[in-house]
Amino acid sequence: MSEPTTVDVLGEPWTAETIPLPDDFEGEVVATLVARRGDRPTEHAVLHVHGFSDYFFHTAWGEWWLERGHDVYGVDLRKYGRSIRPHQSATYVADLEEYFADLDAAWERITVRDGHSRVVLSGHSTGGLIVALWADARQPAESAGLLLNSPWLDLQGPPLLRTPAVGLAIEQIGRRQPMRVLGRTVEGNYARSLHRDHDGEWDFDLTWKPLGSFPVRLGWLRAIRRGHARLQAGLSVSAPVLVLSSDRSSAPKEMGEDVFSTDIVLDVRQIRRWSSAVGRHVTYVAVPGAVHDVVLSRAEPRARAYDEIERWLAAYVLR
């Protein structure tokens, strides 16, 4: 059972629907399905899943899809954005398959209840990893395509971090001390480059997408590395897949041009390397000048990204 649908924080005509899920070790768990429907009934829809330290606020993205005859949905997964509850450790899960219940519930509402038979599933960053694993496990008949926006397919950083020894340490410590916080430095430049009150053009809630990110807990990182391993072993997503990323990564310590024109979160070489592991029919496109969330890039690379999506839709999804 869902709670009543209400006007979303994005304002009318966006709506939000809270989806109760089985309790976990911290208690009550919910997901939130955000939606905007077109003026005419359609079998086409898109469902977007956010990344880490993120939530659905992509109104311009939604309007683009609405103009092309798709109803638009975004899900805030458990312990993210609209779905965070005061008793919860934000973003934490011990296994990425915990999110499958969130996606199962959203998908059932979009397809069975709302009558969409052609759904594009979209995922950004960590959401890209999650939706790839879910699409492989579920193979939903209504899946028209899988769109991955800078998906997190491997652990970035020095090669040492991807050695078996470090992997074993993450596995063991993540199992024994799952809530232990990983020490790291986050300058906040990426979020500053996006938010309109700083150096960007987008409006989002800095409580739900904070400048300094949320803590990374070792049990969660263990779940991520297990997800990476499953993907890298090879998935069999049957729907056509489009993977978008920037053409270049960088690691600036201060605000500067690279913050606005490269991926400063993930290593695009890893995205390029592992994209072919997602499914049977994968198209990869590097977008010059794009940032980590490609559709939040500056106007020129953003337009290029939308052109690539439209070309992919025409060639493989809407045939």
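Whatever comes next refers back to the structure up there.
Heads up: these notes are all about the structure in this document.

Basis of the calculations
- Residues numbered from 1 in each chain as written.
- Predicted model: local features only at pLDDT ≥ 70, side-chain atom pairs only at ≥ 80, totals over all residues.
- Heavy atoms only, no water.
- Salt bridge = Lys/Arg side-chain N within 4 Å of Asp/Glu carboxyl O.
- Helix = DSSP H or I, 4+ residues; strand = E, 2+ residues; numbered from the N terminus.
- Buried < 20%, exposed > 50% of the residue type's maximum accessible area, 1.4 Å probe, protein only.
- Axes fitted to C-alpha atoms, helices over the stretch in contact; angles between N-to-C directions.
- Parallel < 35°, antiparallel > 145°, perpendicular 65-115°, else oblique.
- Left-handed = near helix turned anticlockwise from the far one by under 90°.
- Contact = heavy atoms within 4.5 Å.
- Nonpolar A, V, L, I, M, F, W, Y, C, P; charged D, E, K, R; others polar.
- Polar contact = N/O pair within 3.5 Å; in protein donor to acceptor, adjacent residues only side chain to side chain.
- Pairing = 2+ DSSP bridges.
- Right-handed = clockwise from strand over helix to strand, strands pointing away.

### Concerning the pattern of salt bridges
In step 1: Applying the stated criterion across every chain, the model contains 26 salt bridges.
In step 2: Measuring nitrogen to oxygen at the nearest pair gives 2.8 Å for the salt bridge that ties Glu17 to Arg113. With Glu17 in strand E2 (residues 15-24) and Arg113 in helix H2 (residues 98-113), this residue pair connects regions lying 96 residues apart in the sequence.
In step 3: The salt bridge partner of Arg113 is Asp114, with a shortest N-O separation of 2.9 Å.
In step 4: Judged by its relative accessible area of 43%, Arg113 falls in the partly exposed class.
In step 5: Residues joined by salt bridges that share partners form a network here, namely Glu17, Arg37, Asp71, Arg109, Arg113 and Asp114.

### Examining the packing of helix H3 (residues 126-138) against helix H6 (residues 218-232)
In step 1: It is at 10 Å that the axes of H3 and H6 come closest, and there the two elements cross at 55°. With respect to their mutual orientation, H3 and H6 come out oblique. In this structure, H3 meets H6 at a crossing whose hand is left-handed. Contact residues: Thr126, Leu129, Ala132 and Leu133 in H3; Trp220, Ile224, Gly227, His228, Arg230 and Leu231 in H6.
In step 2: Residues that form the contact of H3 with H6 fall into these classes: 6 nonpolar, 3 polar and 1 charged.

### Here's the deal with the side chain of Glu17
In step 1: Classification of Glu17 by relative accessible area gives buried; the value is 5%.
In step 2: Side-chain polar atoms of Glu17 contact the side chain of Arg113, separated by 2.8 Å.

### Focus: the environment of Leu33
In step 1: Relative to the helices and strands, Leu33 is located in strand E3 (residues 27-36).
In step 2: The exposure class assigned to Leu33 is buried, which follows from its relative accessible area of 2%.
In step 3: Along the backbone, Leu33 and Ser143 are 110 residues apart, and their C-alpha atoms lie at a distance of 18 Å.
In step 4: Beyond its immediate sequence surroundings of up to four residues, Leu33 is in contact with Thr15, Ala16, Glu17, Ile19, Leu47, Tyr73, Gly74, Val75, Ala106, Arg109, Ile110 and Arg113.

### Some thoughts on the pairing of strand E7 (residues 143-149)
In step 1: Of all 7 residues in E7, 7 are buried; the element is thus mostly enclosed.
In step 2: Where strand E6 (residues 118-124) and E7 come together, 6 bridges link them in parallel fashion. Counted as the bridge partner of Val120 is Gly145 from E7.
In step 3: What joins E6 to E7 is H3, and the crossover it makes is right-handed.
In step 4: Sheet topology places E7 next to strand E8 (residues 241-246); 4 bridges connect them, and they run parallel. The partner of Asn149 across the bridge, within E8, is Leu244.

### A closer look at the pairing of E3
In step 1: Burial analysis of E3 places 8 of its 10 residues in the buried class, which makes it a mostly covered element.
In step 2: Note that E2 and E3 share 8 bridges and pair antiparallel. Pairing of Thr18 across the sheet is with Thr32, part of E3.
In step 3: Linking two consecutive strands that pair antiparallel, namely E2 and E3, is a turn of 2 residues.
In step 4: In terms of strand pairing, E3 meets strand E5 (residues 71-76) through 5 bridges, oriented antiparallel. Paired with Leu33 across the bridge in E5 is Val75.

### Overview of the sheet that holds strand E9 (residues 282-287)
In step 1: Pairing is mixed across the open sheet formed by 9 strands, whose spatial order is E1-E2-E3-E5-E4-E6-E7-E8-E9. Unpaired on one side and paired on the other, strand E1 (6-7) and E9 mark the two borders of the sheet.
In step 2: In the sheet, strand E4 (residues 44-49) pairs with E6 via 6 bridges, with the strands oriented parallel. Paired with Leu47 across the bridge in E6 is Leu121.

### Notes on the packing of helix H4 (residues 164-176) against H6
In step 1: Axis separation between H4 and H6 bottoms out at 8 Å; the angle between their running directions is 135°. The angle between H4 and H6 falls in the class oblique. The handedness of the crossing between H4 and H6 comes out as left-handed. Contact with H4, carried on its side by Ile170, Glu171, Ile173, Gly174 and Arg175, involves Leu218, Gly219, Leu221, Arg222, Arg225 and Arg226 of H6 and no other residues of that element.
In step 2: Here the contact of H4 with H6 is built from residues that sort into 4 nonpolar, 2 polar and 5 charged.

### Here we look at the environment of Ser122
In step 1: Note that Ser122 resides in strand E6.
In step 2: C-alpha separation for the pair Ser122 and Leu146, spaced 24 residues apart in sequence, amounts to 5.9 Å.
In step 3: If sequence neighbours within four positions are ignored, Ser122 has contacts with Val46, Leu47, His48, Val49, Trp61, Val131 and Leu147.
In step 4: A polar side-chain atom of Ser122 sits 2.7 Å from a polar atom in the side chain of His48.

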